[in-house]
Amino acid sequence: ITLDPGLLRVVDRWVSQGRYPNRSQAIQAALREKMERWKRTRLVEELDKLDCDEERALAEENLSGERWPE
């Protein structure tokens, strides 16, 4: 991969500080963190699409006459 020289300096600093044993592991860790953030963001985006009233109505249908808590 090709990295911007500024980013590469940051990665090299992490390695020299002992935060990571080498560039590869530093980049892998950064990519894993980015992917985890993306997953959380995507989940929030999907939850925003839900209609609370519709979800409550569906839940109440399956509660055998119980009411959904306020």
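The notes below deal with the structure included here. Keep in mind that this is a model prediction, so the values were computed, not measured. (Residues numbered from 1 in each chain as written. Predicted model: local features only at pLDDT ≥ 70, side-chain atom pairs only at ≥ 80, totals over all residues. Heavy atoms only, no water.)

## A word on helix α2 (residues 23-48)
Look at α2: 38 Å from first C-alpha to last across 26 residues, which is about the 38 Å you get at 1.5 Å a residue. Measuring from the backbone nitrogen of Ser-24 back to the side-chain oxygen at the start of α2 gives 3.2 Å, which picks out Asn-22 as the cap. (Helix = DSSP H or I, 4+ residues; strand = E, 2+ residues; numbered from the N terminus. Expected span 1.5 Å × (residues − 1). Polar contact = N/O pair within 3.5 Å; in protein donor to acceptor, adjacent residues only side chain to side chain.)

## Considerations on the pattern of salt bridges
Opposite charge on two side chains makes pairing possible when the charged atoms of those side chains draw close. Evaluation of the coordinates by the stated rule reveals four salt bridges. The shortest N-O distance in the salt bridge between Asp-12 and Arg-23 comes to 2.6 Å. Linking Asp-12 in helix α1 (residues 5-16) with Arg-23 in helix α2, this pair joins segments that are eleven residues apart in sequence. (Salt bridge = Lys/Arg side-chain N within 4 Å of Asp/Glu carboxyl O.)

## Overview of a nonpolar patch on the surface
On the surface, a nonpolar cluster with roughly 290 Å² of combined accessible area is contributed by Leu-43, Leu-47 and Leu-50. A relative accessible area of 52% places Leu-43 in the exposed class. (Patch = residues over 30% accessible without salt bridge, like charges linked within 9 Å, V, L, I, M, F, W, Y side chains within 5 Å. Areas by Shrake-Rupley, 256 points an atom, 1.4 Å probe, with all protein chains shown as cover. Buried < 20%, exposed > 50% of the residue type's maximum accessible area, 1.4 Å probe, protein only.)

## Describing the packing of aromatic side chains
In this structure the tally under the stated criterion is one aromatic pair. Ring centres of Trp-14 and Tyr-20 lie 5.9 Å apart, and the angle between their planes is 50°; on these two criteria the pair is classed as tilted. Judged by relative accessible area, Trp-14 falls into the partly exposed class, the value being 23%. The class for Tyr-20 is partly exposed, based on a relative accessible area of 24%. (Phe/Tyr/Trp six-rings, centres within 6.5 Å; stacked < 30°, edge-to-face > 60°.)

Everything listed is a geometric property; what it means functionally is a separate question.
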